[in-house]
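Now for the letters of each chain:
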Amino acid sequence: MMYSNWKIKARVSQKSSVKPFTNGNGFIIVLDLMDDSSEIQLKGFNEEARMLSESLLEGHCYTLSDCRIENVKDSRKRYTAVKHDYALVFEPWSTVEASRPFVPRFKVPFIDLEAVISSKPGTHFCNTLAVLIDAEDPYWHRVQATGRMVLRQNVKLLDKTNNVVWLVLWEKFIDQLSPHIVREPVIFIKGAKLFRNFRTGTLSLQAWFTTRINCSPSSKEAKELRDWWSRERVSVRGLTGEAATQSLR
């Protein structure tokens, strides 16, 4: 356990909702912070989780001090798309204040769909950039663990490797992407959960509660992918193989 006597100025690139622990004893929030050098996660528990949820906004910049620093074990890095060796924990005595806005020069790393398909067992989360080329109709799905009915939609992703991967959307993500599907957008998915169906062997991505989807990425790679899709749309659609037609239902 370490405590910092320095300040960190960073932009909130991603913020989860406040989630209860599975045993019901407390709450947690996880935020991804970014500066020019890297990304690091900030965690808050219980009252601090509620305070961070109410006070910190995605895309805004803040100065934090007196946070606890914890080592992130290699075994835990598979559960997050942020691969920093350390994480910050916001304690009752930690402080945060708004700071002058800035745009970090750090670029979030991502992998293409070929690398997604060939991911090693034990890989749980990844970032990727792809074209959303098709979508099934939303339908109600029963969650086996809880019996709750939730709205689900399966959409197809494609990139320049000519690989197709299904992305599973739940509820809020369906609302977010619905207006964009018709124009076959390039999307950036941060923190997608990899899921392999052991019965069929099918690999898919799922939008997790910490996942963020950008429907209008402005990076150089996103522009190149849009240009490629504009040129190759007709020819590529005939080459996407069995994965393009096999449903996840």
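Heads up: the structure comes first, above all this text.
Described below are features of the structure shown in this document. (Residues numbered from 1 in each chain as written. Predicted model: local features only at pLDDT ≥ 70, side-chain atom pairs only at ≥ 80, totals over all residues. Heavy atoms only, no water.)

Turning to the overall build of the protein, a few remarks are in order. When helices and strands are tallied, the protein shows five helices and 16 strands. Sequence separation of at least 24 residues holds for 63% of the intrachain contacts in the protein that already meet a minimum separation of 6. (Helix = DSSP H or I, 4+ residues; strand = E, 2+ residues; numbered from the N terminus. Contact = heavy atoms within 4.5 Å.)

With that out of the way, let us pick up the nonpolar core. Core analysis: the biggest nonpolar cluster contains 23 residues, and Leu157, Leu167, Leu169, Ile187, Leu205 and Ile213 have the highest contact counts within it. Those elements that place two or more of their residues in this core are α3 (113–117), β10 (125–135), β12 (149–158), β13 (164–170), α4 (172–177), β14 (186–196) and β15 (203–206). Of all the elements, β14 adds the most residues to this core, at four residues. Setting aside its immediate chain neighbours within four residues, Leu157 contacts Leu113, Ala130, Val131, Leu132, Asn163, Val164, Val165, Leu167, Ile187, Ile189 and Leu205. Residues Ala10, Leu33, Leu52 and Leu88 belong to the second largest nonpolar core, which totals 17 residues. (Core = buried A, V, L, I, M, F, W, Y, C linked by side-chain atoms within 4.5 Å. Buried < 20%, exposed > 50% of the residue type's maximum accessible area, 1.4 Å probe, protein only.)

What follows deals with the side chain of Ser16. Structurally, Ser16 can be placed in the loop between β2 (7–15) and β3 (19–20). Look at Ser16 and you get buried, because its relative accessible area is 5%. What Ser16 contacts, discounting residues up to four positions off in sequence, is Ile29, Val30, Phe209, Thr210 and Arg212.

Moving on: the pattern of salt bridges. In this structure the tally under the stated criterion is 11 salt bridges. Two residues, Asp32 and Lys190, come together in a salt bridge whose shortest N-O distance is 3.2 Å. A residue pair is termed long-range when its members are at least 10 positions apart, and Asp32 in strand β4 (residues 27–34) and Lys190 in strand β14 qualify at 158 residues. The shortest N-O distance in the salt bridge between Arg50 and Glu47 comes to 3.0 Å. Highlighted residues: Arg50 and Glu47, both in helix α1 (residues 47–55), separated by three residues, approximately one helical turn. A network of salt bridges, in which partner residues are shared, links Lys43, Arg68, Glu70 and Glu91. (Salt bridge = Lys/Arg side-chain N within 4 Å of Asp/Glu carboxyl O.)

With that settled, consider the packing of aromatic side chains. Counted according to the given criterion, the structure contains three aromatic pairs. Centre to centre, the rings of Phe21 and Phe45 are 6.1 Å apart; their planes meet at 25°, and the pair counts as stacked. Residue Phe21 is found in the loop between β3 and β4, and its partner Phe45 is found in strand β5 (residues 39–45); the two are separated by 24 residues along the sequence. Here Phe45 falls in the partly exposed class, since its relative accessible area comes to 26%. Note on Trp228 and Trp229: the rings are 5.9 Å apart at their centroids and 35° apart in plane angle, and the pair reads as tilted. Owing to a relative accessible area of 9%, Trp228 belongs among the buried residues under this scheme. Overall, Trp229 belongs to the buried group, its relative accessible area being 2%. (Phe/Tyr/Trp six-rings, centres within 6.5 Å; stacked < 30°, edge-to-face > 60°.)

Summarising burial for strand β8 (residues 86–90): four of the five residues are buried, a large majority. Pairing analysis gives four bridges linking β5 to β8, with the strands arranged parallel. What sits directly across from Gln41, in β8, is Ala87. Pairing of strand β7 (residues 68–71) with β8 involves four bridges; the strand directions are antiparallel. Each bridged residue has a counterpart across the sheet, and for Ile69 the counterpart in β8 is Leu88. (Pairing = 2+ DSSP bridges.)

Below, the discussion takes up the pairing of β14. Burial within β14 is extensive, with nine of its 11 residues counted as buried. Relative to β14, β10 is paired through six bridges, and the arrangement is antiparallel. Residue Cys126 lies in a different strand from β14, and its bridge partner there is Ala192. Note: β14 against strand β16 (residues 212–214), three bridges, orientation antiparallel.

Position of Ile174 relative to the elements: it lies in helix α4. Of the residues examined, Ile174 reaches a relative accessible area of 5% and is grouped as buried. Spatially, the C-alpha atoms of Ile174 and Gln153 are 6.8 Å apart, while their sequence positions differ by 21 residues. Sequence-distant contacts of Ile174, that is, excluding residues within four places in its chain, are made with Pro138, Leu151, Arg152, Gln153 and Leu169.

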